[in-house]
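# Structural overview
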Amino acid sequence: MGSALKRPEVSTTCIRGADMVIAWDESVGGHSYLPRADVVFRGNEIIFLGRGYAGHVDVEVDGSGYLVLPGMVDIHSHPSLEPSYRGIREEHGVRDMYMTGLYERCMAYGVTPSSQLASAEVSYCELLLSGVTTIVDLSMPYEGWLDLAERSGLRVVVGPGFASSRWNVSDPHHLDFTWDEEGGFTGLKHALDLIASLEGRAEGRLTGIVYPAQIDTCTEPLLREAFAAAQDRKLPITTHVSQSVMEFREMQRRTGLTPVQWAAKVGILAPGTILGHAIFIDQHSWIQWWTRDDLDLIADTGTSVAHCPTPFARYGHMLEHVGGYIRRGVNVGIGTDTVPHNFIEEMRWALVLGRISARDIDAVSSGEIFTAATKGGAKALLREDIGRLAVGAKADIVLADLGDRWMQPARDPLRSLIFHSADRAIRHVYVDGRQVVKDGEVMTLDHQRALSILARDQREMEEMVPRLDPRGRASLEITPLSLPYSREA
Ligand SMILES: [Zn+2]
């Protein structure tokens, strides 16, 4: 699995004597605890996992006191957009649209190119700080995107968005569409050109994913052509499917089928296809539909699901239920659809909501969710060289401090991490053999500077809201603050 591109200096690093390593055990096809072990990588590739490495080493890292785990794989995120919504979207939803605020927000809150860059920089920092080393970055193309992705040091799966239509909500209970079919094909071509330009860049850390934005905003010919292009280029493909009740009803009205059944009919379900978020499928209690085919179609075609519980939980939505999806054979990966991009908290939500929706503590385990967050994501992206610590895999490695107050007692380090410390214990992160997070700080980006740009741009975005909102409301009318201003203010 060695990279064809050799660096000028290929050095060997040994993380010596780590207290605990989450190593890939090929004999059982899963992660396992390996205590007191060395993790050695040369260049961007792991060359040894085990006790007492005696070979030549250029850089020694003292692993005592650390949990060493594989870098996690986030298969659904919108870095250039979501941080702009901090303080705006957490409690924003439209009851007449079955609680989703997606459509109204897309219309009323417009982002600028400067805020997109700042937003992505903040997102990349949040992801790295929570132990993510690979992200699927789903964005509408913007100036400076690829340079920032390269500079971040992350492994970025670039997904330039395109669609045949835009959502249009003139009143709070009616989702409409403004069509531009030709524009969809132009968008696909632009996306494929952008993906082709990644070749040979950033030592292979930047790759592509074909991203027709939503099942309801793309025509059948566009979806077919996008899928064929992905197959030709051996690229993964993703689109939003079954993400709202409004979408389910629209697709049922338009096609007579559920969104998943229509996707199957169009022929886009396959290994390498990722559905974000496959929540409102036929069996979901809010749908009250009569068929029971959707989960079988997803599982039997080898299609993956990007499970992102946080934004939906805030609306009062739950996937029903993640353990059931996994047991049926669906490949599930985890994504952070919104802020915070705290991947470990996302895993906690997935676990807890998986049990609440099933009303069963055994519905899903920490080990299963960690597997989804690593190997599941890698499989969705058609890769076996990430999401695991194994000889021959990429050196995407995270060190969590076992001595952190939220980790102790660290009887079961993964439980300590998921249920207690989350990102607070993450100290060092390596991507492709290069250290990107050191002592809990991102080395490649300027988190604080990006945050101050974002705060300024968010104020400008809010000032524009009355001109963009079809009902001319101010931002504070759409999303009031959580507390009123004091009369003294
Ligand atoms: Zn999304």
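Residues numbered from 1 in each chain as written. Predicted model: local features only at pLDDT ≥ 70, side-chain atom pairs only at ≥ 80, totals over all residues. Heavy atoms only, no water.

## Observations concerning the pairing of strand 3 (residues 45–50)
Sheet analysis places strand 2 (residues 30–42) next to strand 3, joined by five bridges and oriented antiparallel. Bridging across to strand 3, Asp38 finds its partner in Gly50. Following strand 2, the chain reverses through two residues before pairing antiparallel with strand 3; Gly43 in that reversal takes a positive phi of roughly 60°. (Pairing = 2+ DSSP bridges. Helix = DSSP H or I, 4+ residues; strand = E, 2+ residues; numbered from the N terminus.)

## Section: the domain arrangement of the protein chain
Each assigned domain of the protein chain is listed with its residue range as follows: domain 1 (12–70 + 391–442) and domain 2 (72–380). Computed over C-alpha atoms, the centres of domain 1 and domain 2 are 29 Å apart. At the interface, 27 residues of domain 1 touch 26 residues of domain 2. With both chains or domains summed, domain 1 and domain 2 bury close to 2,200 Å², and 68% of this area falls on carbon and sulfur atoms. Taken together, the connections running from domain 1 to domain 2 amount to two salt bridges. The closest approach of N and O atoms between Asp396 and Arg155, which form a salt bridge, is 2.8 Å. At the junction of domain 1 and domain 2, the tally comes to six residue pairs in polar contact (both at pLDDT 80 or more). Tallied by class, the residues present in the side of domain 1 that touches domain 2 amount to 17 nonpolar, three polar and seven charged. (Domains from an automatic or database assignment. Contact = heavy atoms within 4.5 Å. Buried area = accessible area lost by both parts, 1.4 Å probe. Salt bridge = Lys/Arg side-chain N within 4 Å of Asp/Glu carboxyl O. Polar contact = N/O pair within 3.5 Å; in protein donor to acceptor, adjacent residues only side chain to side chain. Nonpolar A, V, L, I, M, F, W, Y, C, P; charged D, E, K, R; others polar.)

## What to know about the coordination of the zinc ion
Each pair of donors in an ideal four-coordinate tetrahedral metal site encloses 109.5 degrees, whereas pairs in an ideal six-coordinate octahedral site enclose 90 or 180 degrees. Those donors, His76 (NE2), His78 (NE2), His240 (NE2) and Asp337 (OD), are the protein atoms that reach the zinc ion, and they lie 2.1 to 2.4 Å from it. Seen from the zinc ion, its four donor atoms lie at angles of 84 to 167°, and the figure they make is irregular. Considered as a linear motif, the donors of the zinc ion on their single chain read H-x1-H-x161-H-x96-D. As far as the burial class goes, His76 and His78 line up, both buried. (Donors = N, O, S within 2.8 Å, 3.2 Å for Na, K, Ca; no water. Tetrahedral: all angles 85-135°; square planar, octahedral: opposite > 155°, others 65-115°. Buried < 20%, exposed > 50% of the residue type's maximum accessible area, 1.4 Å probe, protein only.)

## Some details on the pattern of salt bridges
Summed over the entire model, instances satisfying the criterion amount to 24 salt bridges. Between Asp38 and Arg16 there is a salt bridge, with the nearest N and O atoms lying 3.5 Å from each other. Taken together, the residues span a long stretch of sequence, with Asp38 in strand 2 and Arg16 in strand 1 (residues 12–25) at a distance of 22 residues. Between Arg383 and Asp385 there is a salt bridge, with its nearest N and O atoms 2.9 Å apart. Here the salt bridges do not stand alone but share partners, grouping Glu104, Asp469, Arg471 and Arg473 into one network.

## So, the nonpolar core
Judged by nonpolar contacts, the single largest core of 95 residues is most densely connected at Leu69, Tyr124 and Val210. Per-domain counts for this core show at least three residues from each of domain 1 (12–70 + 391–442) and domain 2 (72–380). By size, the runner-up hydrophobic cluster in this structure holds 17 residues, among which are Ala37, Val68, Ala393 and Ala395. (Core = buried A, V, L, I, M, F, W, Y, C linked by side-chain atoms within 4.5 Å.)

## Remarks on unusual backbone geometry
The linkage connecting Val339 with the following residue, Pro340, adopts the cis geometry, with an omega of -5°. With respect to the secondary-structure elements, Pro340 resides in the loop between strand 16 (331–336) and helix 11 (343–358). For Ser242, which is not glycine, the phi torsion reads 55° and is therefore positive. The phi angle at Asp432 is positive, at roughly 55°, despite the residue not being glycine.

## Topic: the packing of aromatic side chains
As enumerated under the stated definition, the model contains eight aromatic pairs in all. Between Tyr103 and Trp167 the ring centres are 4.7 Å apart and the planes differ by 90°, which places this aromatic pair in the edge-to-face class. Linking Tyr103 in helix 1 (residues 102–108) with Trp167 in strand 9 (residues 165–171), this pair joins segments that are 64 residues apart in sequence. Just as Tyr103 is buried, Trp167 falls in that class too. A cation sits over an aromatic face here: Arg105 above Tyr85, 5.6 Å from the ring centre. Sitting over the ring of Phe177, Arg254 keeps its end group 4.8 Å from the ring centre. (Phe/Tyr/Trp six-rings, centres within 6.5 Å; stacked < 30°, edge-to-face > 60°. Lys NZ or Arg CZ within 6 Å of the ring centre and 35° of its normal.)

## Looking at the pairing of strand 15 (residues 304–307)
Here strand 15 shows no split at all, with Ser304 and Ala306 on one side and Val305 and His307 on the other all buried. Sheet topology places strand 14 (residues 273–277) next to strand 15; two bridges connect them, and they run parallel. Each bridged residue has a counterpart across the sheet, and for Leu275 the counterpart in strand 15 is Val305. With helix 8 (residues 294–300) bridging strand 14 and the parallel strand 15, this β-α-β connection has right-handed handedness. Strand direction decides the pairing type here: strand 15 and strand 16, joined by four bridges, are parallel. Within strand 16, the position partnered with Ala306 by the bridge is Gly333. (Right-handed = clockwise from strand over helix to strand, strands pointing away.)

## Quick notes on the environment of Leu194
Position of Leu194 among the secondary structure elements: in helix 4 (residues 181–196). Considering only alpha carbons, one finds Leu194 and Val158, 36 residues apart in sequence, at a separation of 8.9 Å. Not counting chain neighbours up to four residues away, the residues in contact with Leu194 comprise Pro141, Trp145, Leu146, Val158 and Pro160.

## Considering the packing of helix 5 (residues 220–233) against helix 7 (residues 259–266)
Put simply, helix 5 and helix 7 touch, their axes get as near as 10 Å, and they point 60° apart. By the criterion of interaxial angle, the relationship of helix 5 to helix 7 is oblique. Two packed elements cross with a definite hand, and for helix 5 against helix 7 that hand is right-handed. Contacts from Glu220, Leu223 and Arg224 in helix 5 reach Trp262, Lys265 and Val266 in helix 7. Of the residues assigned to the contact of helix 5 with helix 7, the class counts are three nonpolar, no polar and three charged. (Axes fitted to C-alpha atoms, helices over the stretch in contact; angles between N-to-C directions. Parallel < 35°, antiparallel > 145°, perpendicular 65-115°, else oblique. Left-handed = near helix turned anticlockwise from the far one by under 90°.)

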